[in-house]
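Fold and geometry: a report
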Amino acid sequence: MARLRWATQIAALILVNIGFVQILKTGVVCPFFYCYGCPAAAFACPIGSLQTFAAVGPFPLYAIGSLGVFGLLAGRFWCGWGCPFGTIQDVVARIRRRSDTWALRPIAWPKYVVLAGTLLAAWIAADTLFCKVCPAGSLFAAIPQRFLSSELGFGTYFYVHIGTLVAAVVLFFLVARFWCRYLCPLGGVLGLFNRVSILRVKLDRAKCTQCQKCLAVCPTGIVNIDDIGTSTDCIQCGKCIESCPSDALHISASLIN
Amino acid sequence: MESLSHLRARWGKLTARLALTAVAVAFVAAFAASQYDLVRDTVRFICINCLGLGG
């Protein structure tokens, strides 16, 4: 399963970058936290789109509807199996080869504070302010754009971008999936759908022996077995399934269950 | 054999999922025509200022 997950993550990274062909730059909102300022971006960042509408446009029903469809299909499966920023965090976790330096419990509310603050700031300032500090934008857009267009000068926000990116990477080394756990506004939205999504990790309580091996490997630090697959913090990565010795966990794709 | 309450819960979830999916798809369908181009413009015309480039 780990190989399949890496394969889908790499496929997603390629897919969101097919916009190097101009005609493939679409107005489709993607289910990942990925910057549409990337020179090769093919899809729109959902948080960027929501901000744009909050700043200048009508109520973002198209973007909200898109997120609803993605959420109902797979909840935070997108975070665990496709998100390019999540992939970067997984790569960092693989490099450090040890458990978290800080043993922090997952907390849901900061993600919603970031989401509300982002939209409110965009509405008040009529500008996409979050984009100016977003670490994903730093990595996928600001740095590549600077390399591609050397005639562009460095503005204040470029240094802010570098600062947030460095801070984010340091935090990734200390705590696995730190961004997904505590800060990702998109993860907060998709997490709301974890309980009702068609595709999700499911626990068979009859088979569970309470060995808690699943909790030990969880990259988002979930502490309660019943929260696996349903909590807003669960990114549905399936590492718990790999660790389960009694096959009590599986990926469920059902409208009814 | 499944109890009646269990069956009700399962069908309740199915109904909720279908209703939510219908609403979400309807949003996309109804507003894609008017809002798709604005979203596409954000992908095609990069906000250099947002990236802190351009002086």
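None of these values were measured; they are calculated from a predicted model. Each chain has its residues counted from 1, running along the sequence as written. Here chains are named by letter from A upward and ligands by number from 1 upward, in the order in which they appear as written. Only residues with pLDDT of at least 70 are given local features in this predicted model, and only at 80 or more are side-chain atom pairs given and counted; all residues enter the totals for whole chains, interfaces and linings. Each side-chain value is worked out from all heavy atoms of the structure, with water and hydrogens disregarded.

Looking at the overall build of chain A
Within chain A one finds twelve helices and two strands. Comment: elements are numbered from the N terminus, with helices defined as DSSP H or I runs of at least four residues and strands as E runs of at least two. Starting at the N terminus and ending at the C terminus, chain A contains elements arranged as α-α-α-α-α-α-α-α-α-α-β-α-α-β. In this setup the radius of gyration rests on C-alpha atoms only. A globule is expected at 2.2 Å times the number of residues raised to 0.38. On C-alpha atoms alone, chain A measures out to a radius of gyration of 18 Å, which is about the 18 Å that the 2.2 N^0.38 rule sets for 257 residues. C-alpha atoms of chain A, sized along the principal axes, occupy 60 × 40 × 35 Å. Looking at the 257 residues of chain A, the share that counts as buried comes to 55%. In this description, contact between two residues means that some pair of their heavy atoms is separated by no more than 4.5 Å. Here the analysis covers contacts within chain A between residues at least 6 apart in sequence; of these, 74% occur between residues at least 24 apart. Using a 1.4 Å probe on the protein chains alone, a residue whose accessible area is under 20% of its type maximum counts as buried, one over 50% counts as exposed, and one in between counts as partly exposed.

Some words on the environment of Phe-147 of chain A
Examined against the element boundaries, Phe-147 of chain A turns out to sit in helix α7 (residues 135–148). Residues Phe-147 of chain A and Tyr-159 of chain A, spaced twelve residues apart in sequence, show a C-alpha to C-alpha distance of 15 Å.

Section: the packing of helix α2 (residues 46–56) of chain A against helix α1 (residues 4–44) of chain B
The interhelical angle for the contact between α2 of chain A and α1 of chain B, taken along N-to-C directions, is 115°, at an axis separation of 10 Å. The crossing of α2 of chain A and α1 of chain B is right-handed. Contacts between α2 of chain A and α1 of chain B involve Ser-49, Thr-52 and Phe-53 of chain A on the former and, on the latter, Gln-35, Leu-38, Val-39 and Thr-42 of chain B. Residue type decides the class: Asp, Glu, Lys and Arg count as charged, Ala, Val, Leu, Ile, Met, Phe, Trp, Tyr, Cys and Pro as nonpolar, and the leftover types, Gly among them, as polar. Tallied by class, the residues present in the contact of α2 of chain A with α1 of chain B amount to three nonpolar, four polar and no charged. Between N-to-C directions, angles span 0 to 180 degrees; the directions come from axes that are lines fitted to C-alpha atoms, helices contributing only their stretch in contact. A crossing counts as left-handed when the near helix is turned anticlockwise from the far one by less than a right angle, and as right-handed when that turn is clockwise.

A short note on the confidence of the model for chain B
Every residue gets a pLDDT, meaning the predictor's confidence in that residue, from 0 to 100. Looking at chain B, the pLDDT average stands at 80 and 95% of residues meet or exceed 70. This complex was scored by the predictor with a pTM of 0.89 and an ipTM of 0.76.

Things to note about the state of the cysteines
All names here are of chain B. Note that a disulfide, as used here, is simply two cysteine sulfur atoms within 2.5 Å. Inspection of the entire model under this criterion finds one disulfide over all chains. Covalently, Cys-47 is tied to Cys-50 through a disulfide, its sulfur atoms 2.3 Å apart. Between Cys-47 and Cys-50 the disulfide shows an S-S torsion of about 80°. By sign, it is right-handed. Among the residues examined, Cys-47 registers a relative accessible area of 35% and is labelled partly exposed.

Quick look at the side chain of Asn-17 of chain A
Residues and elements named next belong to chain A. Relative to the helices and strands, Asn-17 resides in the loop between α1 (2–16) and α2. Side-chain atoms alone can form a polar contact between residues adjacent in sequence; in general such a contact is a pair of N or O atoms within 3.5 Å, and within protein one must be able to donate a hydrogen while the other accepts it. Within the structure, the side chain of Asn-17 is placed 2.4 Å from the side chain of Tyr-34, a separation counted as a polar contact. Other than its neighbours up to four places away in sequence, Asn-17 contacts Tyr-34, Cys-38, Ala-40 and Ala-41.

Focus on helix α5 (residues 84–96) of chain A
Each residue after the first adds 1.5 Å to the expected span of a helix. Across its 13 residues, α5 of chain A extends 19 Å between first and last C-alpha, which sits within 8% of the 18 Å expected from 1.5 Å per residue. Immediately beyond the C-terminal end of α5 of chain A, within one or two residues, lies Arg-97 of chain A, with a positive phi of roughly 55°.

Here we look at the pattern of salt bridges
Residues and elements named next belong to chain A. By definition, a salt bridge exists where a carboxyl oxygen of Asp or Glu is found within 4 Å of a side-chain nitrogen of Lys or Arg. Scanning the model with the defined rule gives six salt bridges over all chains in all. Put simply, Asp-127 and Lys-132 hold a salt bridge, and the shortest N to O gap is 3.0 Å. Residue Lys-132 is classed as buried on the basis of its relative accessible area, which comes to 2%.

Regarding the interface of chain A and chain B
Each partner contributes residues to the interface: chain A has 52 residues there, and chain B has 31 residues. Taking both partners together, chain A and chain B bury about 3400 Å²; carbon and sulfur atoms supply 70% of that area. Inspection of the chain A/chain B interface yields zero salt bridges. Along the contact surface separating chain A from chain B lie seven residue pairs in polar contact (both at pLDDT 80 or more). Of all the secondary structure elements, the ones that give two or more residues to the side of chain A that touches chain B are α2, α3 (61–74), α7 and α8 (156–174) of chain A. Considering every element that reaches the side of chain A that touches chain B, the biggest residue donor is α3 of chain A, with eight residues. By convention, the term buried area covers the 1.4 Å-probe accessible surface removed from two parts as they join, with the contributions of both added.

Some details on unusual backbone geometry
Residue and element names in this part refer to chain A. The backbone of Arg-177 shows a phi angle near 50°, a positive value even though the residue is not glycine. Looking at where Arg-177 falls in the secondary structure, it is placed in the loop between α8 and α9 (178–183). We classify Arg-177 as buried; its relative accessible area is 2%. Positioned with a positive phi, Asp-247 is a non-glycine residue whose angle comes to about 55°. Within the secondary structure, Asp-247 sits in the loop between α12 (239–243) and β2 (249–253). The class of Asp-247 is exposed, set by a relative accessible area of 55%.

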